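Remarks on the overall topology
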Amino acid sequence: QVQLVESGGGLVQVGGSLRLSCAASGTSASINPMGWYRQAPGKQRELVAVITISGSINYADSVKGRFTMSRDEVKKTVYLQMNSLKTEDTAVYYCKGRYRFFDYWGQGTQVTVSS
């Protein structure tokens, strides 16, 4: 059973930084693609960044230049470095990975950006 566990969320002031981690377990195979999503109160879940099967990384326009997604294959972990945070980045952040045609989600981690 594939499991994804996020960590690293918290409370930060505007302009601050956080690094989220998403650790995968339950398989030795590569999980592709993997992405970060977020859901703010009253809004739909939206894509933040994704590492595609080819290895390229795509970002939502709202986070380009501020967020960086990376991957450590050995640790089976993906990261989301978030800089220059804004109040509108406040949301629960989830990671999602596809394995054998099924999508797996983590439980989410809360990011709150205060002014």
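Please refer to the structure higher up on the page.
Here's what I pulled together on the structure shown here. (Residues numbered from 1 in each chain as written. Predicted model: local features only at pLDDT ≥ 70, side-chain atom pairs only at ≥ 80, totals over all residues. Heavy atoms only, no water.)

So, on to the pattern of salt bridges. On inspection of all chains with the given rule, the structure shows seven salt bridges. Taking the shortest distance from any N to any O, the salt bridge between Arg38 and Asp89 comes out at 2.9 Å. Placement of Arg38 in strand β4 (residues 34–39) and of Asp89 in the loop between β8 (77–82) and β9 (91–99) is noted, with a sequence separation of 51 residues between them. Accessibility assignment for this pair places Arg38 and Asp89 in one class, buried. (Salt bridge = Lys/Arg side-chain N within 4 Å of Asp/Glu carboxyl O. Helix = DSSP H or I, 4+ residues; strand = E, 2+ residues; numbered from the N terminus. Buried < 20%, exposed > 50% of the residue type's maximum accessible area, 1.4 Å probe, protein only.)

With that out of the way, let us pick up the environment of Val63. Checked against the element boundaries, Val63 lands in the loop between β6 (57–59) and β7 (67–72). Judged by its relative accessible area of 0%, Val63 is buried. Note: C-alpha distance between Val63 and Ala49 (14 residues apart in sequence) is 8.4 Å.

This brings us to the side chain of Thr52. Mapping Thr52 onto the fold places it in the loop between β5 (46–51) and β6. Of note is the side chain of Thr52, whose polar atom sits 2.8 Å from the side chain of Ser56. Non-local contacts of Thr52, meaning those with residues more than four positions away in its chain, are made with Asn32, Pro33 and Asn58. (Polar contact = N/O pair within 3.5 Å; in protein donor to acceptor, adjacent residues only side chain to side chain. Contact = heavy atoms within 4.5 Å.)

Of all hydrophobic cores here, the largest spans 28 residues; its most connected members are Leu4, Trp36, Val48, Phe67, Leu80, Met82 and Tyr93. Elements supplying a minimum of two residues to this core: β3 (18–25), β4, β5, β7, β8, β9 and β11 (109–114). (Core = buried A, V, L, I, M, F, W, Y, C linked by side-chain atoms within 4.5 Å.)

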